[in-house]
Each structure stands twice: as structure tokens, then as C-alpha cells.
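Coordinates in review
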Amino acid sequence: MDDIIGNTQNTVAPSDQSKKKRPRRVVRPKPKSTQVEKSDDIEDINFTKDETVEIRASLLKWYDENQRDLPWRRISSKGEDEEDNEDTEESEKRAYAVWVSEVMLQQTRVQTVIDYFNKWMTKWPTLSHLAQASLEEVNEMWAGLGYYRRARFLLEGAKMIVEEGGGFPKAVPALRKVKGIGEYTAGAIASIAFKEVVPVVDGNVVRVIARLKAVSTNPKEAVAVKNTWKLAGQLVDLCRPGDFNQALMELGATVCTPSSPSCNECPISTKCRALLLSRCHDSVQVTDYPMKIVKAKQRSDFAAVTVVEVLEGPRMKDEAHPNSKFILVKRADKGLLAGLWEFPSVLLDGEADSVTRRDAIDHYLKSAFDLDPTKSCDIISREDVGEYVHVFTHIRLKMYVEWMVLHVKCFKKLWNKKQGEDDINWKFVDQQTLSCMGLTSGVRKVYGMIENYKQRTSSSLPARARSRKGSGKSKNWK
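Here is a short report on the structure shown in this document. (Residues numbered from 1 in each chain as written. Predicted model: local features only at pLDDT ≥ 70, side-chain atom pairs only at ≥ 80, totals over all residues. Heavy atoms only, no water.)

Applying the stated criterion to the full structure yields eleven aromatic pairs. Both rings, one in Phe168 and one in Phe194, keep their centres 6.4 Å apart while their planes meet at 50°; by these two values the pair is tilted. Linking Phe168 in the loop between α10 (149–164) and α11 (172–175) with Phe194 in helix α12 (residues 183–194), this pair joins segments that are 26 residues apart in sequence. Note on Phe168: relative accessible area 4%, which makes it buried. Pairwise contacts between aromatic rings join Tyr364, Phe369, Trp426 and Phe428 into one cluster. Between the NZ or CZ atom of Lys427 and the centre of the ring of Trp341, over which it lies, the distance is 4.3 Å. (Phe/Tyr/Trp six-rings, centres within 6.5 Å; stacked < 30°, edge-to-face > 60°. Helix = DSSP H or I, 4+ residues; strand = E, 2+ residues; numbered from the N terminus. Buried < 20%, exposed > 50% of the residue type's maximum accessible area, 1.4 Å probe, protein only. Lys NZ or Arg CZ within 6 Å of the ring centre and 35° of its normal.)

And the structure:
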């Protein structure tokens with residue numbers, strides 16, 4: 001009976017089955033994902049209108065309160081009323097100051113540039129003043145900043161603008177036609193000096209934009225470069241383009257730095273996808289953006305450098321040699337350190353011993369200056385001073401430095417010697433002139449090594465020994 005009752009209770013008539021309600025399906029809401037996607041395809045990335053408005057306002061407010069006091073900004077900073085009333089001369093002086101500062105700041109620290117900029121503007125306050133300068137004067141003023149081609153392009157560009165007589169170009173297309181002005185410099189001049197609404201992209205801007213959008217592509221690839229300029233162009237403030245561009249670069253230089261970004265101090269951190277990613281994933285850091293590029297391995301070069309000190313007049317036992325002069329050679333007009341002065345030097349095939357180096361230098365001195373110890377000169381002294389490694393962007397140059405003191409039998413003949421077939425451009429300079437010349441940091445380092453060596457050897461010898469040292473006549477270079 002129980003079984004019958006049980007079966008009856010569990011049986012539903014067909015007529016009633018259709019009336020039975022199906023159990024309600026409970027749909028549980030999915031938890032919100034904290035996943036933030038990386039932006040691999042930079043071509044599809046854009047700033048929204050709201051993002052643009054907020055970034056402009058926040059960044060300009062921060063810049064107004066935190067910008068560094070720099071000399072070129074004092075010249076280029078004008079109020080809107082002042083800009084409306086300023087004459088052409090003032091606006092061109094402002095553009096010239098922006099140009100000089102931006103070129104100097106390429107690959108160079110701000111603190112280093114300040115002193116160079118002030119000296120430059122004192123010597124050549126306007127474009128017309130610079131156009132009248134010689135390349136040697138410009139190189140001397142630039143000495144120590146490195147990348148000397150920048151100085152040559154500044155001079156050539158100034159001459160070009162003055163000769164054409166049309167005034168300082170204002171728009172990017174016209175600026176790009178000036179020698180040495182590329183897309184970055186043209187954008188800086190146009191936006192900062194003339195309020196053109198155009199972007200500026202340097203390494204700081206690349207870094208800031210890559211982090212804002214968490215762009216994980218190679219920033220050096222052509223597509224990435226093109227689209228970084230596109231994104232920077234979307235952000236430029238329409239009313240204060242110059243200030244905005246400077247603010248974006250200032251943010252990258254002082255807050256959004258390569259290895260130690262101060263995200264808590266960043267005025268646009270709420271818009272930073274890289275920062276959000278780093279908070280959601282322990283394996284991600286803000287410094288992962290932009291992608292790190294492996295630098296090309298530096299080429300190793302070797303050179304024998306000889307500081308040749310030539311004694312004028314009768315041979316003297318006194319080591320002071322008040323009438324001595326140094327030989328300087330001008331480098332070729334093209335290539336590394338083009339048109340700059342240096343001590344006689346010879347590139348070597350690799351590491352070389354003293355005999356090999358001296359053989360190479362002897363051959364060079366004889367062919368270039370007709371300095372032959374068996375005929376035209378006597379060696380008073382010849383000393384290996386040391387080694388010095390000078391690092392360029394792509395070259396690691398190891399220099400073997402020596403000091404050679406010569407007495408020339410007919411100084412006047414050497415002085416009046418005509419240039420050879422290779423048209424080697426060289427000159428004599430005295431110690432005072434050499435000390436005041438605008439030489440490259442590498443050449444100044446070599447000269448400093450010679451001066452230090454003289455002091456060490458002079459202080460380590462008794463007075464009588466110093467007067468005898470080097471007085472013997474030598475017929476052999478080595």
C-alpha cells in the first residue's frame with residue numbers, strides 16, 4: 001500500500017504536466033574583470049574626447065605650477081596680449097632662442113645646456129649675428145657639448161634664412177626646408193614660438209604616451225613612430241600648443257622618468273593604462289613601457305695620438321720651452337667630428353704595442369709635415385703618457401697618448417710649408433692659445449694628460465736632473 005501511495009504521489013497526469021512550472025533559471029552575474037588589455041596594435045589606439053580634455057587641463061595646470069625656470073623659457077614666454085602686440089623682430093628673436101635651445105638639448109642634459117645657451121645668446125643674440133659667424137667660432141663655442149654636426153647645421157640654417165631674406169619661417173613645412181631642422185625641431189619652433197597647433201615628439205613624449213596607452217610595440221618601428229606623432233597631435237591644446245608640448249616633455253623629464261617614475265606626483269596618472277596594469281598584475285611594471293630596445297654594440301677603434309711640441313729657435317736646456325708651439329690638425333669636413341681640431345693621430349688596426357704605434361705616427365709625421373729626425377729635426381724627448389678611452393654613441397675609441405718634444409732645424413721652413421697633395425689642414429698654436437681654444441672633450445682630456453705628466457715628472461726629479469733630462473741629441477724616433 002505504501003508502495004502504491006508512493007507511486008501515486010510521484011505520478012503526474014499528462015494533463016497536469018503541461019501546467020507544471022519549470023524551475024526558474026538563476027543567472028549569476030559575472031564578476032567584473034580587472035583585466036586591462038595591452039595595446040599591441042598602436043594603429044587602433046586613440047584618445048577619446050573626454051581623455052583629451054582632461055589630460056590637457058590637468059597637464060597645463062601642473063606645468064603652470066611646476067615648470068622649471070630656464071633661460072630660453074624667459075625669452076619664449078609671452079602673454080597673449082604681448083604676442084598680439086609684439087613686432088616681427090621680437091617674435092623672430094623668440095623663435096631663434098627656441099631653435100638654439102632645442103638643438104642644444106638634443107642628447108644633452110638641461111643643466112649642461114644652460115651655461116652654453118647663455119654664452120651663445122650673449123655672443124650671437126639674433127639670427128643675423130649668428131649668420132655672420134665662422135664655423136670655427138661656432139665649433140669653439142660648442143666645444144664640450146658633443147654631436148658637433150648640430151652646431152654646423154645651426155650655422156648653415158641661419159645663413160640660409162638670412163640669405164633668403166624672407167624672415168624666420170613660422171609653419172612646419174617651411175621650417176623643414178631649413179638646413180638641419182627636422183620634424184621635432186620644426187614642431188617645437190612652430191608651437192612654442194608661433195603658437196602653431198602641431199605636436200612635438202621626443203624621447204620623453206614617446207615614453208609618456210606609451211605608458212598612457214600601455215603600448216607594447218617597438219617605439220622605433222616606423223608604424224609606431226607615425227602613430228605616436230598621431231597620438232601626440234590629438235592631445236595638443238588648441239589655445240596653448242607651445243606650453244602643452246613643453247608640459248608633456250617636462251612631465252617625461254621630471255616625473256615620468258625612464259627607470260624611477262613618480263606616479264604619485266603625476267597629474268594624469270588616472271589616465272595611465274600602464275599604471276593600472278601594474279596595479280592589477282604583479283608581473284607588470286610601469287617601467288615595462290615603452291619596450292626596451294637593445295642598443296647596438298659599440299664598435300671598438302684604436303688610435304695613436306701624439307702631442308707634438310715643437311721648439312722654435314736655438315735648442316734650450318730649460319724644460320719650460322717658452323717659445324714652443326703645438327701642432328694641431330683639422331679633421332675632414334665630413335664624418336665624425338668634422339672640421340674640428342685635434343693632435344696628430346693615426347687609426348690602428350687594433351691593439352698595438354709601442355713600436356707599432358710609433359712606426360705609424362712616424363710615417364704620418366714625415367708624410368704630412370716632412371718631420372724627419374735624420375734631416376729636419378731632433379727629438380728632445382718622447383714619452384708614452386698613458387691610455388684614454390673616449391666613448392661616442394656607436395664607437396668606443398681607445399687612444400694611446402704620447403708626448404713628443406722636437407727641435408726643428410729650420411722652423412721658418414716648416415712654418416711656410418705648403419700643404420701636400422692630401423691638403424692636410426694644420427697649424428701651430430702656443431700653449432696659451434691651446435689652453436683657451438674650444439676643443440672637444442677628448443682633445444682636452446689628452447692635453448690634460450700631458451700637463452699632468454709634465455707636473456709629475458717635474459716634481460719627481462731633482463733640479464739638476466730636470467735641467468739635464470732630454471738634453472742629449474737623438475737621431476732615432478724610437
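Applying the stated criterion to the full structure yields four cavities of 30 Å³ or more. Estimated volume of the largest cavity: approximately 120 Å³. Cys256, Cys263, Cys266, Ser269 and Cys272 are the residues nearest the centre of the largest cavity, which is lined by 15 residues in total. In terms of residues, the lining of the largest cavity owes the most to one element, helix α13 (residues 203–212), which gives three residues. Of the residues belonging to the lining of the largest cavity, the class tally is twelve nonpolar, two polar and one charged. (1 Å grid on protein atoms, 1.4 Å probe; cavity = no way out; pocket = protein on both sides within 12 Å on 5 of 7 lines; lining within 4 Å. Points joined across faces, edges and corners; volume = space filled by probe spheres on them. Nonpolar A, V, L, I, M, F, W, Y, C, P; charged D, E, K, R; others polar.)

On to the environment of Asp430, then. With respect to the helices and strands, Asp430 occurs in the loop between β7 (426–429) and α19 (431–436). The partly exposed category is assigned to Asp430, whose relative accessible area is 30%. For the pair Asp430 and Phe326, spaced 104 residues apart in sequence, the C-alpha separation works out to 6.1 Å. When residues no more than four places from it in sequence are discounted, the contact partners of Asp430 are Ser324, Lys325 and Phe326. One polar contact links the side chain of Asp430 to the main-chain amide nitrogen of Gln432, over a distance of 3.3 Å. In terms of polar contacts, Asp430 uses its side chain to reach the side chain of Thr433, at 2.7 Å. (Contact = heavy atoms within 4.5 Å. Polar contact = N/O pair within 3.5 Å; in protein donor to acceptor, adjacent residues only side chain to side chain.)

Judged by nonpolar contacts, the single largest core of 83 residues is most densely connected at Tyr96, Trp99, Met104, Trp120, Trp142, Phe168 and Ile189. When neighbours within four sequence positions are excluded, Trp142 is seen to be in contact with Val103, Met104, Tyr116, Trp120, Tyr147, Tyr148, Arg150, Ala151 and Leu154. (Core = buried A, V, L, I, M, F, W, Y, C linked by side-chain atoms within 4.5 Å.)

Right, let's talk about the packing of α13 against helix α15 (residues 241–254) for a bit. One way to put it is that α13 packs onto α15 with a least axis distance of 8 Å and a crossing angle of 85°. Considering the angle they form, α13 stands roughly perpendicular to α15. Seen from α13, the contacting residues are Asn204, Val205, Arg207 and Val208; seen from α15, they are Leu248, Met249, Leu251, Gly252 and Ala253. Taken together, the residues of the contact of α13 with α15 break down into six nonpolar, two polar and one charged. (Axes fitted to C-alpha atoms, helices over the stretch in contact; angles between N-to-C directions. Parallel < 35°, antiparallel > 145°, perpendicular 65-115°, else oblique.)

What follows covers helix α17 (residues 354–369). If you check α17, its first and last C-alpha atoms are 22 Å apart, about what 16 residues at 1.5 Å a residue would give, namely 22 Å. For α17, every residue scored as buried is listed here: Arg357, Arg358, Ile361, Asp362, Tyr364, Leu365, Ala368 and Phe369. The buried side chains of α17 occupy one side of the element, clustering within an arc of 170° when seen end-on. In this structure, α17 carries His363 and Ser367 as exposed residues pointing more than 90 degrees from its buried face. In the stretch just after α17, Asp370 is the one whose phi turns positive, near 60°. (Expected span 1.5 Å × (residues − 1). Arc of directions from axis to C-beta.)

So, to be careful, I would describe these as geometric facts and stop short of saying anything about function.
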